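Chain by chain, the residues run as shown.
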Amino acid sequence: MYKLISFLFPFFFLLTSSLQLQPKFTLLTLTTQTTHKKNQITNKSNFSLPIYHLSSILNHNHTNNASAFTDRINRDSTRAASLARDISLRSGRYRLDDFGSDVVSGLSQGSGEYFIRVGVGTPARDQYLVIDSGSDVIWLQCMPCDQCYSQSDPIFDPSTSSSFLAVNCGGRVCHLVSGTSCSNPDESCRYDVSYRDGSYSKGVVALETLTFGSTTVSGVAIGCGHHNHGLFTGAGGLLGLGWGPTSFLAQLGGSAGGVFSYCLVSRGSSSEAGTLVFGRTEGVPVGAVWVPLLRNPRAPSFYYVGLLGLGVAGVRLPLEEDMFQLSEDGYGGVVMDTGTAVTRLPEEAYNTLRDAFVGAAVGLPRTTGVSIFDTCYNLNGYSSVRVPTVSFYFTEGTILTLPAKNFLIPVDNLGTFCFAFAPSQTGLSIMGNIQQEGIQITFDVASGFVGFGPNNC
């Protein structure tokens, strides 16, 4: 079994100066492997929690890289297609000391890629929630459960929580949450959130207390799902971190300074982990390089970034800048998404990137493609290989050069590694979580920037 664990060069480089300073090659080392009351926040000090990888907590059926890879790619293809369809259809005063939670990999559970451990209710009952930067809604499975999928923790029972407060149709909160429906102001506010992979959650809207370690946040608008179905097996629900009005960050308001930061855990690791932090002080790393966020009025939940081009081995590729441009009618552009694994690029951009990488990867033994990947290498028997760098060229002169483990990934137990990019079948580009792993990424939503900072995982 093979995976990527270390580099002899720095994990990544952020350069705003001339191209000749960019690294051309890096070394890959291989080894086995709302009108309701404002949120009240208590215990405002910084804190850290034990790091857990989900595979060490839950039983799973994956016995090798190939099995995990197949499941992940199947989910990922569904997610990417869903994102593109969703966007296409849409196109026609508190100061909080920083707090955060552990981020663990959901790779082995078929329930989203990354989770945090959150206490729900009073007294708090721990649940795994998928973190999703492309969604606004916070929801979890609730008793009585008319239809629920299997999860690792007992399903949350609101009758045991003293802080649970159902929202009626007459309240403003009801109209802020996506997918609500009402016929009478005195009735319970009901929601219906569906995903284009067939997953959904249906239930009632409520206000509840969420606990992150020693920090509690009360009055959070959540969906309490009594009818749930989909690819969330293992997790109790979803924590939306998107740009919309009911995402967790939006509900915190000024309490978190409009900032959250994450460092995603490496794939399939039982020892490495990442963190999710809310708040400006801890959430903004020293030395980060910033890229303006772009807003798409037709898809207001998503975080778009201005990408101008791509590079291989320190050389910028001959691509038209408007290939990645977000048009005035909401078409195209580049979305950063924690729920999509593999970065998707327009077909012309992908072909140019792939061909440049293959041409610079002199001496690497090619093998047949695997699944959505058409560029793979047989690295069985190698202890390390020298590979060309891959870079993103963002607006305002910012260049992000990826570590090798963020674009060459293991897909089986035989030493097969594949170039982890794929062509998009639409005009939408997606920067996936494989390319984000190990890099501290900060969304300063209040200022309208995303920062790429030093590796902190």
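Note that the structure is predicted; figures quoted are calculated from it, not measured.

Quick look at the overall build of the protein chain now. Each helix and strand counted, the protein chain has six helices and 33 strands in total. The buried share of the protein chain, reckoned over its 457 residues, is 58%. Surface exposure of the protein chain reaches about 17,400 Å², of which carbon and sulfur atoms provide 51%.

Let us now look at the sheet that holds strand β24 (residues 376-378). The strand order across the open sheet built from four strands is β23-β24-β29-β28, with neighbouring strands paired in antiparallel fashion. Strand pairing shows two members of the sheet lacking a second neighbour, β23 (366-367) and β28 (408-410), which therefore form its edges. Sheet analysis places β23 next to β24, joined by two bridges and oriented antiparallel. The partner of Arg366 across the bridge, within β24, is Tyr377. Lying on the sheet, helix α5 (residues 347-360) is in contact with β23, β24, β28 and β29 (416-419); it crosses β29 at an angle near 135 degrees.

What follows deals with the state of the cysteines. Within this structure, the stated rule accounts for five disulfides. What pairs with Cys142 in a disulfide is Cys224, and their sulfur atoms sit 2.0 Å apart. As the torsion about the S-S bond is roughly -120 degrees, the Cys142-Cys224 disulfide counts as left-handed. Placement of the pair is Cys142 in the loop between β8 (139-141) and β9 (165-166) and Cys224 in strand β13 (residues 215-229), with a sequence separation of 82 residues. A residue is classified by how much of its surface remains accessible, and Cys224, at 0% relative accessible area, is buried. Residue Cys169 pairs covalently with Cys182 via a disulfide, S to S 2.0 Å. Taking the sign of the S-S torsion, about -85 degrees here, the bridge from Cys169 to Cys182 comes out left-handed.

Right, let's get into empty space enclosed by the protein. Estimated volume of the largest cavity: approximately 40 Å³. In this structure, the largest cavity is lined by Leu307, Val334, Thr343, Arg344, Leu345, Phe392, Phe394, Ser429, Ile430 and Met431.

Attention shifts here to the confidence of the model for the protein chain. Per-residue confidence for the protein chain gives a mean pLDDT of 79; residues scoring 70 or more make up 75%. For the stretch residues 1-20, pLDDT sits under 50, and the model shows 82 contacts to residues farther than four places along the chain or on other chains. Within the model, the stretch residues 32-37 combines pLDDT values under 50 with 17 contacts to residues more than four positions away or in other chains.

This brings us to unusual backbone geometry. The amide bond that connects Thr122 to the next residue, Pro123, takes the cis arrangement and shows omega of 0 degrees. Looking along the chain, the bond that leaves Met143 and enters Pro144 is cis, with omega of -5 degrees. Following the sequence through the fold, Pro144 ends up in the loop between β8 and β9. Of note, the phi angle at Ala313 is positive, near 55 degrees, even though the residue is not glycine.

Formed by 78 residues in total, the largest nonpolar core has its most connected members in Phe248, Phe278, Leu310, Phe407, Phe421, Phe443 and Phe452. Core analysis: the next-biggest nonpolar cluster, separate from the first, contains 21 residues, Phe115, Val167, Cys174 and Val205 among them.

Structurally, the position occupied by Arg125 is in strand β7 (residues 125-132). Assessed through its relative accessible area of 32%, Arg125 is described here as partly exposed. Sequence spacing of Arg125 and Ser161 is 36 residues, and the spatial spacing of their C-alpha atoms is 9.1 Å. From its side chain, Arg125 meets the backbone oxygen of Pro123 in a polar contact 3.0 Å long.

Let us look at the packing of aromatic side chains. The tally for this structure, following the rule as stated, stands at 19 aromatic pairs. When the centroid spacing of 4.5 Å and the interplanar angle of 20 degrees are considered together, the rings of Phe357 and Phe419 count as stacked. Remark: Phe419 occurs in strand β29 and Phe357 occurs in helix α5; sequence separation between them is 62 residues. You'll find Phe357 and Phe419 in the same group, each marked buried. The structure contains a cluster of three or more aromatic residues connected by ring pairs, namely Phe212, Trp243, Phe248, Phe260, Tyr262, Phe278, Tyr303 and Phe443. We note Arg117 situated over the ring of Tyr128; from NZ or CZ to the ring centre the distance is 4.2 Å. Taking NZ or CZ as reference, Arg386 lies 4.1 Å from the ring centre of Phe25, over its face.

The subject of this paragraph is the pairing of β7. Most of β7 sits out of view: six of its eight residues are buried. Alignment of strand β6 (residues 114-120) against β7, held across six bridges, turns out to be antiparallel. Looking across to β7, one finds that Gly119 is bridged to Asp126. Strand direction decides the pairing type here: β7 and strand β14 (residues 237-240), joined by four bridges, are parallel. Bridging from a neighbouring strand, Leu129 pairs with Gly237 of β14.

The next thing to look at is the pattern of salt bridges. Under the definition given, this model contains four salt bridges. In this structure, the salt-bridge partner of Arg117 is Asp153, at a minimum N-O distance of 2.5 Å. Taken as a pair, Arg117 in strand β6 and Asp153 in the loop between β8 and β9 lie far apart in primary sequence, 36 residues in all. We classify Asp153 as buried; its relative accessible area is 13%. Between Arg354 and Asp355 there is a salt bridge; the shortest N-O distance is 3.0 Å. Classification of Arg354 as buried rests on a relative accessible area of 17%. If you follow the salt bridges from partner to partner, you end up with Arg354, Asp355 and Asp374 in one network.

Reading the values: the criteria
Residues numbered from 1 in each chain as written. Predicted model: local features only at pLDDT ≥ 70, side-chain atom pairs only at ≥ 80, totals over all residues. Heavy atoms only, no water. Helix = DSSP H or I, 4+ residues; strand = E, 2+ residues; numbered from the N terminus. Buried < 20%, exposed > 50% of the residue type's maximum accessible area, 1.4 Å probe, protein only. Areas by Shrake-Rupley, 256 points an atom, 1.4 Å probe, with all protein chains shown as cover. Pairing = 2+ DSSP bridges. Contact = heavy atoms within 4.5 Å. Axes fitted to C-alpha atoms, helices over the stretch in contact; angles between N-to-C directions. Disulfide = S-S within 2.5 Å. 1 Å grid on protein atoms, 1.4 Å probe; cavity = no way out; pocket = protein on both sides within 12 Å on 5 of 7 lines; lining within 4 Å. Points joined across faces, edges and corners; volume = space filled by probe spheres on them. pLDDT = per-residue confidence, 0-100. Core = buried A, V, L, I, M, F, W, Y, C linked by side-chain atoms within 4.5 Å. Polar contact = N/O pair within 3.5 Å; in protein donor to acceptor, adjacent residues only side chain to side chain. Phe/Tyr/Trp six-rings, centres within 6.5 Å; stacked < 30°, edge-to-face > 60°. Lys NZ or Arg CZ within 6 Å of the ring centre and 35° of its normal. Salt bridge = Lys/Arg side-chain N within 4 Å of Asp/Glu carboxyl O.

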